[in-house]
Amino acid sequence: VEMDEEEVANDVNDDDAGTHNESQATAAVVKIITAPNSETKPFTRPTISPIIRARAHHRRAKARLALGDLDGALEDARSAAFMGDRNAVAFYGRLMREGSGAGGKVDG
């Protein structure tokens, strides 16, 4: 089938029009996805219960003591004790009474 120049030009323009319509449809989808939704809730950070946080501080205090970091161990044990961990309260009291001889590694 032979086509003259005018038919070829019309055929090319029709192809461009189809591409243009597709890009408009894609742009419309992007606008829908990126548009703010009034029904969504704002992002909230998941909360960790104080009991779990206290236990984590207590464990970290024990680890710091094992590494010879008495000040860090006291800080973490104190935090855990004030969060209500009974074992941490006893551990913090022991650290306060025994001071540097609380059982941590001794350098040198």
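Residues numbered from 1 in each chain as written. Predicted model: local features only at pLDDT ≥ 70, side-chain atom pairs only at ≥ 80, totals over all residues. Heavy atoms only, no water.

**Q** Even after reading the chapter, I still don't get the overall build of the protein chain, so can you show me in this structure?
**A** Counting its regular elements, the protein chain contains 4 helices and 0 strands. Reading the secondary structure of the protein chain in the N-to-C direction produces α-α-α-α. Buried residues in the protein chain amount to 18% of all 108 residues. When the accessible surface of the protein chain is totalled, it reaches about 9,100 Å², and 54% of it is carbon and sulfur. (Helix = DSSP H or I, 4+ residues; strand = E, 2+ residues; numbered from the N terminus. Buried < 20%, exposed > 50% of the residue type's maximum accessible area, 1.4 Å probe, protein only. Areas by Shrake-Rupley, 256 points an atom, 1.4 Å probe, with all protein chains shown as cover.)

**Q** It is not clear to me how the nonpolar core should be interpreted in this structure. Could you clarify?
**A** One broad rule of soluble globular proteins: the nonpolar side chains tend to lie buried together. In terms of nonpolar packing, the biggest core is built from 9 residues, these being Ala-61, Leu-65, Ala-73, Leu-74, Ala-77, Ala-81, Phe-91, Tyr-92 and Leu-95. The set of elements that each furnish at least two residues to this core consists of helix H2 (50-66), helix H3 (70-82) and helix H4 (86-98). Among the elements that line this core, the one with the most residues is H3, at 4 residues. What Ala-77 contacts, discounting residues up to four positions off in sequence, is Ala-61, Ala-88, Phe-91, Tyr-92 and Leu-95. (Core = buried A, V, L, I, M, F, W, Y, C linked by side-chain atoms within 4.5 Å. Contact = heavy atoms within 4.5 Å.)

**Q** Quick question: what am I supposed to make of the packing of H3 against H4 here?
**A** The description of two packed helices rests on the angle between their axes and on the distance between the axes. Packing of H3 against H4 brings their axes to within 8 Å, and their N-to-C directions diverge by 145 degrees. Crossing hand, H3 versus H4: left-handed. Residues Leu-70, Ala-73, Leu-74, Ala-77, Arg-78, Ala-80 and Ala-81 of H3 pack against Ala-88, Val-89, Phe-91, Tyr-92, Leu-95 and Met-96 of H4. Of the residues contributing to the contact of H3 with H4, the split by class is 12 nonpolar, no polar and 1 charged. (Axes fitted to C-alpha atoms, helices over the stretch in contact; angles between N-to-C directions. Left-handed = near helix turned anticlockwise from the far one by under 90°. Nonpolar A, V, L, I, M, F, W, Y, C, P; charged D, E, K, R; others polar.)

**Q** Explanation requested: H3 in the structure shown.
**A** Turn by turn, an α-helix covers 3.6 residues, leaving residues three or four places apart pointing in a common direction. Helix length check: H3 (13 residues) gives 18 Å between terminal C-alpha atoms against 18 Å at 1.5 Å per residue, within 8%. Those residues of H3 that sit buried are Gly-72, Ala-73, Leu-74, Asp-76, Ala-77, Ala-80 and Ala-81. Turning to H3, the residues buried within the fold contact H2 and H4. (Expected span 1.5 Å × (residues − 1).)

**Q** It is not clear to me how the pattern of salt bridges should be interpreted in this structure. Could you clarify?
**A** Here the idea is simple: oppositely charged side chains can pair when their charged atoms come close. Taken as a whole and assessed by the stated rule, the structure comprises 5 salt bridges. The salt bridge partner of Asp-85 is Arg-55, with a shortest N-O separation of 3.9 Å. Taken together, the positions of Asp-85 in the loop between H3 and H4 and Arg-55 in helix H2 put the pair 30 residues apart, joining distant regions of the chain. For Asp-85, a relative accessible area of 12% gives the class buried. Relative accessible area serves as the criterion here: at 32%, Arg-55 is assigned to the partly exposed category. (Salt bridge = Lys/Arg side-chain N within 4 Å of Asp/Glu carboxyl O.)

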